[in-house]
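This is what each chain is made of:
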Amino acid sequence: MVKKQVSEADMMTINVSVARSNPLILRKVHIPEDKTAKDLIALACISVGRESKEEGKLFLSDDTDTPVKQEEILSDILKSGDQTRIFLYEQQGKKKSEKGLILFADVENVMKESSETTEGARSLPYISLAVGYNLPSEKWDIAEINRIQQEIKASSTYKAEDGTYYSDKNLEFSEKRINNSIRKYFAPETAAKEINMALGMPMIQMFSTLKVDEMKSMADVYGIYYDSATRKPDLIHSFCRKFDRRAITEMFDEMGIKEYLRFRELVLSEKEPELSGDWEDDYFEFYDRGLLSKIPKTGLRIASEVLDFYEEWYGTEKEHEYICSKYIETALKVCALLYGVFRMPQFIAVLEKIRPEDLGKKEIEAYFKQHGYMPLKNTVYASEGFEYYYAGDLSSDRVKYILKQNNPLSYFVPEPNEIYRFAERGLTLSEQSDKALRKIIGEWTYRRSYYYSYSYSDDSSRIEESYQAIVKALQLDGDITGTMAVVERNLEKLRWDSKKEAVLARVESILTKEVKILPLLSLNGYSEKNCPKELREYRAELARKREEELRAAKAREEKRRENVKKKAVTTKAVTVKKYQRRG
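Residues numbered from 1 in each chain as written. Predicted model: local features only at pLDDT ≥ 70, side-chain atom pairs only at ≥ 80, totals over all residues. Heavy atoms only, no water.

1. Things to note about the overall build of the chain
Convention followed: Each helix is a run of H or I in the DSSP string that is no shorter than four residues. Each strand is a run of E no shorter than two, and both are numbered from the N terminus. Each residue's exposure class comes from its accessible area (1.4 Å probe, protein chains only) as a fraction of the maximum for that residue type: buried when under 20%, exposed when over 50%, partly exposed otherwise. Every accessible area reported is derived by Shrake-Rupley at a probe size of 1.4 Å, with residue values counting cover from the shown protein chains alone.
Counting its regular elements, the chain contains 21 helices and 13 strands. Relative to its full complement of 583 residues, the chain shows a buried share of 44%. When the accessible surface of the chain is totalled, it reaches about 33,100 Å², and 49% of it is carbon and sulfur.

2. Notes on the packing of helix 13 (residues 344-354) against helix 16 (residues 416-425)
This is how the line gets drawn: Between the N-to-C directions of two axes lies an angle of 0 to 180 degrees, each axis being a line fitted to C-alpha atoms and, for a helix, fitted only over the stretch in contact. Put simply, angles under 35 degrees are roughly parallel, angles over 145 are roughly antiparallel, angles from 65 to 115 are roughly perpendicular, and the rest are oblique. Should any heavy atoms of two residues lie within 4.5 Å, those residues are considered in contact. Residue type decides the class: Asp, Glu, Lys and Arg count as charged, Ala, Val, Leu, Ile, Met, Phe, Trp, Tyr, Cys and Pro as nonpolar, and the leftover types, Gly among them, as polar.
At their nearest, the axes of helix 13 and helix 16 sit 8 Å apart, and the two run at 110 degrees to each other. As far as their axial angle goes, helix 16 and helix 13 are roughly perpendicular. Touching Val350, Lys353 and Ile354 of helix 13 are Pro416, Ile419 and Tyr420, all from helix 16. The residue inventory of the contact of helix 13 with helix 16, partitioned by class, reads five nonpolar, no polar and one charged.

3. A look at the sheet that holds strand 10 (residues 292-295)
Test applied: At least two DSSP bridges between two strands are needed for those strands to be called paired.
Spatially, three strands are ordered 9-11-10 in an open sheet, and the strand pairing comes out mixed. In this open sheet, the two strands that pair with only one neighbour each are strand 9 (200-201) and strand 10.

4. Here's the deal with the pattern of salt bridges
To keep it simple, the criterion reads: Every case where a carboxyl oxygen of Asp or Glu lies within 4 Å of a side-chain nitrogen of Lys or Arg is listed as a salt bridge.
This structure, assessed with the given rule, holds 20 salt bridges. For Lys435, the salt bridge is made with Glu431, and the minimal N-O distance between the two is 3.7 Å. Placement of both Lys435 and Glu431 in helix 17 (residues 431-444) is noted, with a separation of four residues, approximately one turn of the helix. In this pair, the class of Lys435 matches that of Glu431, namely exposed. Overlapping salt bridges, with partners in common, bring together Asp434, Arg438 and Glu464 in one network.

5. Things to note about helix 1 (residues 37-47)
Counting buried residues in helix 1 gives ten out of eleven residues, a clear majority hidden from the surface. Every buried residue of helix 1 is accounted for by Ala37, Asp39, Leu40, Ile41, Ala42, Leu43, Ala44, Cys45, Ile46 and Ser47.

6. Concerning the packing of helix 12 (residues 317-339) against helix 13
Just so we agree on the cut-off: For any pair of crossing helices, the crossing counts as left-handed if the nearer helix is rotated counterclockwise from the farther one by less than a right angle, and right-handed if it is rotated clockwise.
The interhelical angle for the contact between helix 12 and helix 13, taken along N-to-C directions, is 130 degrees, at an axis separation of 9 Å. In terms of orientation, helix 12 and helix 13 fall into the oblique class. Between helix 12 and helix 13 the crossing geometry is right-handed. Along the contact surface, helix 12 presents Tyr327, Ile328, Thr330, Ala331, Leu332, Val334, Cys335 and Tyr339, while helix 13 presents Gln346, Phe347, Val350, Leu351 and Ile354. Of the residues contributing to the contact of helix 12 with helix 13, the split by class is eleven nonpolar, two polar and no charged.

7. Things to note about the packing of aromatic side chains
Put simply, the test is: For this analysis, a ring pair means two rings from Phe, Tyr or Trp (six-membered ring only for Trp) whose centres lie within 6.5 Å, classed as stacked if their planes differ by under 30 degrees, edge-to-face if by over 60, and tilted for the remaining angles. Placement of a charge over a ring requires the Lys NZ or Arg CZ to be within 6 Å of the ring centre, with the centre-to-atom vector within 35 degrees of the ring normal.
With the rule as written, the count across this model stands at 20 aromatic pairs. A ring pair is formed by Phe368 and Tyr389, whose centres lie 5.7 Å apart and whose planes are at 70 degrees; its orientation type is edge-to-face. Placement of the pair is Phe368 in helix 14 (residues 361-371) and Tyr389 in strand 13 (residues 389-390), with a sequence separation of 21 residues. This pair shows no difference in class: Phe368 is buried, exactly as Tyr389 is. Sitting above the plane of the Tyr467 ring, Arg438 keeps its charged end 3.9 Å from the centroid. Sitting over the face of the ring of Trp444, Lys493 holds its NZ or CZ atom 6.0 Å from the ring centroid.

8. Digging into the nonpolar core
Let me state the cut-off plainly: To define a nonpolar core, start from buried Ala, Val, Leu, Ile, Met, Phe, Trp, Tyr and Cys residues and group those joined through side-chain atoms within 4.5 Å.
Counting 109 residues, the largest nonpolar core has Phe252 and Phe347 as its most contacted members. Among the elements that line this core, the one with the most residues is helix 12, at 13 residues. Residues contacting Phe252, with those up to four places away along its chain left out, are Tyr260, Phe263, Phe309, Tyr310, Trp313, Tyr322 and Lys326.

9. Considering the pairing of strand 1 (residues 11-18)
Burial runs high along strand 1: eight of the eight residues are buried. Along strand 1, one buried face is formed by Met11, Thr13, Asn15 and Ser17 and the opposite face, lined by Met12, Ile14, Val16 and Val18, is buried too. The sheet contact formed by strand 1 and strand 2 (residues 26-32) spans seven bridges and is antiparallel. The residue bridging Ile14 from the neighbouring strand is Val29, located in strand 2.

10. Quick notes on the environment of Ile441
Relative to the helices and strands, Ile441 is located in helix 17. By relative accessible area, which is 0% here, Ile441 ends up buried. Between the C-alpha atom of Ile441 and that of Asn490, which follows or precedes it by 49 residues, the distance is 8.0 Å. Beyond its immediate sequence surroundings of up to four residues, Ile441 is in contact with Ile463, Ser466, Tyr467, Ile470 and Leu491.

11. Describing the environment of Ser269
Assignment of secondary structure puts Ser269 in the loop between helix 9 (257-268) and helix 10 (284-288). Here Ser269 falls in the partly exposed class, since its relative accessible area comes to 22%. Residues Ser269 and Glu194, 75 residues apart in the sequence, show an inter-C-alpha distance of 7.3 Å.

12. What to know about helix 15 (residues 396-405)
Put simply, the rule is: The arc in question is formed by the directions pointing from the helix axis toward the C-beta atoms.
Among all positions of helix 15, only Val399, Ile402, Leu403 and Gln405 are buried. Burial along helix 15 is one-sided: seen end-on, the buried residues are contained in an arc of 165 degrees. Exposed residues pointing more than 90 degrees away from the buried face of helix 15 are listed as Ser396, Asp397 and Lys404.

13. Details of unusual backbone geometry
A positive phi angle, near 55 degrees, is found at Asn524, a position not held by glycine. If you trace the backbone, Asn524 turns up in the loop between helix 20 (500-514) and helix 21 (533-582). Overall, Asn524 belongs to the buried group, its relative accessible area being 4%.

14. Looking at the confidence of the model for the chain
Applied cut-off: The predictor's confidence in any single residue is recorded as pLDDT, a number from 0 to 100.
Of all residues in the chain, 71% have pLDDT values of 70 or greater, and the mean over the chain is 76. Considering each helix and strand of the chain separately, the mean pLDDT is smallest for strand 6 (residues 127-131), with a value of 57, and largest for helix 20, with 92. Of the regions scoring below 50 in pLDDT, residues 113-118 engages in eleven contacts with residues more than four places distant in sequence or in other chains. Low confidence marks residues 449-457, where pLDDT is under 50. Its contacts with residues over four positions away, or in another chain, come to six contacts.

Here it is in structure tokens:
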């Protein structure tokens, strides 16, 4: 049969119901009348939670012995009020008399002379969940579906072997998920780009898998009140209220670009990732917030509320602006970290290492116009026509000192993996020295939890704070002597311990080795080890000039003192002489 050409197809509204379901499993679907019988079978199949992979056949109500050819057009075989049967067999080759899922498709109306034609139908939902429950795609046994629906009808929840079912929690999410599957079949260009809905799980179910102690630790972090009488259901309810759409938006704002890309890859992947023992390191932000968890026997799961938010956000202008701003923020953070004071060419050089193709000059200018970044003003450097940017934790004197010391024509540009590491972790020592220094800090810092009822997280934050202060001091100039003063201030327990000199000697040996490979502000982000020859010569020349200036200043001071001393002696001698003459 030659396919009928329809230029402006009308939309059919069809009620699809599942045989032997009680209460009735009903889906109201919309489909253009120029689609084929095969399309109707696929639509009915997907609408009840089954992927269109099984061999299906469509039979008219007045002729159940002869299946309709799958390439036939719906407008030629269906009329308003007619009912058709769709058989979906579990395996190919089964006879229709044997067990299989039977769907009934009833044409409710055809929207003729309506604005909702093929073009207008893009905004029309493909499906409405009129009656019934969110049918999981793996559910095939009608008797089991009926039992679940009877249970949730009576008590609103039903706990089965494969999880807890809710009467109304998932309906809206299920409608979007099914519509997305249908769009992939009928209009791929309008579908969400392969959002991995298989990973979704209601947040209330995910929190129910946590232990009470784990939830109380999270409650401490997020300021959720609890006491000894607080029950686990109360904590779950508090967390679900805490993590609303606004909280999810704030969580995305706090993420770095590398972390966001990991999450993006996770939800767009067709398969779940193979998780190693330290899988939390790859998705620590979402795991720590309770929005992603590893559920026994089912693998990694993301809160369905997050996927729901992301499905609406993916591919929009807001996401594009978000990604661009995150790349810019990453480059700015690394520039401030490595150079202390930097100009636009240095920022662009770092950004070029990681920028995507669609991040252009327009987005960069818009970001700086909207946010700015602490320009250095009201100094002699502004009069030279340059605009400098600097890290917020530097004083004005430090900024001026760095500008005097650095050669602006030579600066270190890290590789992409280094940029992401610096942006996420800041400047750190080598792995071995990192562990050794943190261990010393943990042993010799003033640990507040010994004297107050703080949690262990206070000790961890205190160690991290001291560690970063020491590394920052070492990075400023590479001056071991100045850094050791910072070390002594941070290792507060040394004040009343006799091992002070031995501990400081251990720290000094670590820092002496690390200063050779640590990026230094005085070297424009280079380390002593990778510093280029021209910058070394420039630095040596500055040191020579500075030494000459110091010698000259010292000589002038000595000469001034000598002149003052001679003048005082002469005056005294004259006074004595006059006195003698008078006598």
